[in-house]
Amino acid sequence: MCGIVGYIGNKEAYPILIKGLQRMEYRGYDSAGVALLQSKEIKVFKCSGKVADLEAHCQGKDISGKSGIAHTRWATHGEPTDVNAHPHFSSDRKIALIHNGIIENHIALRQALIKEGYMFESETDTEVLIHLIEDIHKKENIDLVESVRLALTQVVGTYGIIVLSVDDPNTLIVARKGSPVIIGFGKDEYYVASDASALVEYTKKVVYLNDEEIAVLSKGNDLVVKNIHNETVPHSIQKLQMTLSQIEKGGYEHFMLKEIYEQPTSIAESMRGRLNLKKEIVALGGITEYEDKLLSARRFIIVACGTSYHAGLVAEHLFEDLVRIPVEVEYASEFRYRNPIIYEDDVVIAISQSGETADTLAAVELAKKKGALVLGICNVVGSSIARATHAGSYTHAGFEIGVASTKAFTSQVTVLTLMALSLAMRKEKIQRKQYTQMIAALEDLPNKVKYVLDSVNATVQEVAIYMKDFSNVLYLGRNYNYPVALEGALKLKEISYIHAEGYPAAEMKHGPIALIDENMPVVVIATKKGTYKKIVSNIEEVKARKGKIISIVTEGDVDVKNLSDFVIEIPETEEMLVPIIASIPLQLLAYYVAVMCGKNVDKPRNLAKSVTVE
Ligand code: M6R
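Since this is a predicted model, take the numbers as computed values, not measurements. (Residues numbered from 1 in each chain as written. Predicted model: local features only at pLDDT ≥ 70, side-chain atom pairs only at ≥ 80, totals over all residues. Heavy atoms only, no water.)

## What to know about the nonpolar core
- Judged by nonpolar contacts, the single largest core of 94 residues is most densely connected at F300, F319, I349 and Y475.
- If you tally residues by element for this core, the top one is helix α15 (residues 432-467), at 14 residues.
- In this structure, Y14, Y29, I182 and L199 belong to the second largest nonpolar core, which totals 36 residues. (Core = buried A, V, L, I, M, F, W, Y, C linked by side-chain atoms within 4.5 Å. Buried < 20%, exposed > 50% of the residue type's maximum accessible area, 1.4 Å probe, protein only. Helix = DSSP H or I, 4+ residues; strand = E, 2+ residues; numbered from the N terminus.)

## Overview of helix α4 (residues 126-140)
- Taking 1.5 Å as the rise per residue, α4 with 15 residues should run 21 Å; its terminal C-alpha atoms sit 21 Å apart, in good agreement.
- Within α4, 11 of the 15 residues are buried, which leaves the element mostly enclosed by the surrounding structure.
- Of all the residues in α4, the buried ones are T126, E127, V128, L129, I130, H131, L132, I133, E134, D135 and I136.
- The inward-facing, buried residues of α4 abut β5 (88-89), β6 (95-100), α3 (106-115), α5 (144-153) and β7 (159-165). (Expected span 1.5 Å × (residues − 1). Contact = heavy atoms within 4.5 Å.)

## Some words on the pattern of salt bridges
- If you walk through the whole model with that rule in mind, you get 33 salt bridges.
- Here E134 and K138 are joined by a salt bridge, their closest N and O atoms 3.0 Å apart. Residue E134 and its partner K138 are both found in helix α4; the two are separated by four residues, about one turn of the helix.
- Relative accessible area serves as the criterion here: at 2%, E134 is assigned to the buried category. (Salt bridge = Lys/Arg side-chain N within 4 Å of Asp/Glu carboxyl O.)

## Considerations on unusual backbone geometry
- Here the bond from H86 into P87 is cis, since omega is -5 degrees, no more than 30 degrees from zero.
- If you trace the backbone, P87 turns up in the loop between β4 (67-73) and β5.
- Despite not being glycine, N141 has its phi angle at roughly 50 degrees, a positive value.
- Residue position: N141 is located in the loop between α4 and α5.
- Residue classification places N141 among the exposed residues on the basis of a relative accessible area of 69%.

## Quick word on the packing of α4 against α5
- At a closest axis distance of 8 Å, the pairing of α4 and α5 adopts a crossing angle of 125 degrees. Between α4 and α5, the angle is such that the two are oblique. When the axes of α4 and α5 are compared, the crossing they make is right-handed. Across the interface between the two elements, L129, L132, I133, I136 and H137 from α4 touch L144, S147, V148, L150, A151 and L152 from α5.
- In terms of residue class, the contact of α4 with α5 is made up of nine nonpolar, two polar and no charged. (Axes fitted to C-alpha atoms, helices over the stretch in contact; angles between N-to-C directions. Parallel < 35°, antiparallel > 145°, perpendicular 65-115°, else oblique. Left-handed = near helix turned anticlockwise from the far one by under 90°. Nonpolar A, V, L, I, M, F, W, Y, C, P; charged D, E, K, R; others polar.)

## Details of the pairing of strand β11 (residues 205-208)
- Bridge count between strand β9 (residues 182-186) and β11: three bridges; the pairing is antiparallel. Pairing of I183 across the sheet is with V207, part of β11.
- Across two bridges, the pairing between β11 and strand β14 (residues 238-239) is antiparallel. Looking at the pairing, V206 lines up with Q238 of β14. (Pairing = 2+ DSSP bridges.)

Quick look at the structure:
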């Protein structure tokens, strides 16, 4: 949440900062601001709205400066107004600060600072931090780095901050706890951001700051990293695994559409080197070391949020069906506050595209504290969850920028399927025949996904034209397709703002069926196999109450087709892989409805791509 970016060096800072904000805008787009160091003063430009609004606001103004900081905000404390936009200033306007995270004890700190005579311009928790730093700096008469460190010892909460000061024009001070900070190295220059996408254009040499670390970025000097206890800590320079083309639209109108169409490739990437049809091998390098522990686990507990939680629900079926180990799937945000019972022989699996979701990270820390083995299924390499877990597997889906998660979901399910298969084989819970069939089906999966993308587009657009004018939509599925229904509904509501609910189809008669009339479109995922016959009856029940049926069916289906107002056909595959294939038309449906409703699909209101606040 919130994007922070900083630059210090010999180039003009403004274009670098603005480009950085544009690349990170998916992290928040309520307001934006930039602070530039110009001879003896810091110039701040900020406004509510998007980065484009900030650029318009800066037009014709003096935006020179070889160092600066910039911020794109996802509002937590205080409305998205000009005043609440970052950067925030010290009272003498000599120090500016940007912040990603939440200062939880901001009320107490604010009251104490008001007593000391500090005046607040904004309602943000961040302004408290800058005045706290200023107060310590003045009273203790110590240098700014030490003032920042001491201030942070008083802070409860999370932060990724960058501090810019008139008195030390050659230095940026950076710190993190719970919010990501990546430092990039150039020649006599430093870049810093909450997200690698803001740096990739300029450097591949990076350092990931750890929690409670403070870094001093001085032009022409080596990087210095200290911990919150004022001890110097070593840092290792890593190579950024990202290319520029991965984070550009590549001719598509929206990132979401590009990412939907990338799925044949992203799924293949998730399997690369892990699946070998000829040798009939499924292996996930990242977890081999822990396989014995996994095989003797009492239970798997999956923690995740949003779409990643839905991938976890699919995995529950996969692990229980294939590996015969009990699985619980929990919203990370509930799990972390529930004092859950976790045994040392439990295995906790955290799923997260960004690897930065605050609740999932907290669930990981809790599970580690309780002695469980914790694995991560993350997309972003080097992310906080990937680093906090004992081991794990990257999904390798490539950079996902659209706020609505699409290719990350199908890659998560792919990797979880590989994991389940490999464990099932080692545990001798799967027959060789089924194992071989699954490997063959996985090998063919990218082709099937491509086929769906090529074949359903026109029908999906027809459905979108019909659906766009409704205020409510129900999504129904059973068994493996129940998480698909939840995911389809989440996609629609988050980008089109049409109210949508996913439901297990048989639960309809326990309440929601009361909602059904001719004004309620019902999307039913009713593919062959599994509970097909049962769901046909559920569709009859909806139909009898004049509900409109939009069905996702297996090619060649007759029964459901006869009951449906619209039919989207997908090719047949193993039942366990249907969630991957069936979710594709639902992603497209949400996309087209949102576009037809004139919504900003890549940056839906009130949302941000990575949720680094709880
Ligand atoms: O980065 P994560 O996978 O941890 O993110 C979890 C959710 O915030 C995310 O899936 C969210 O629900 C998406 N906007 C859904 O499209």
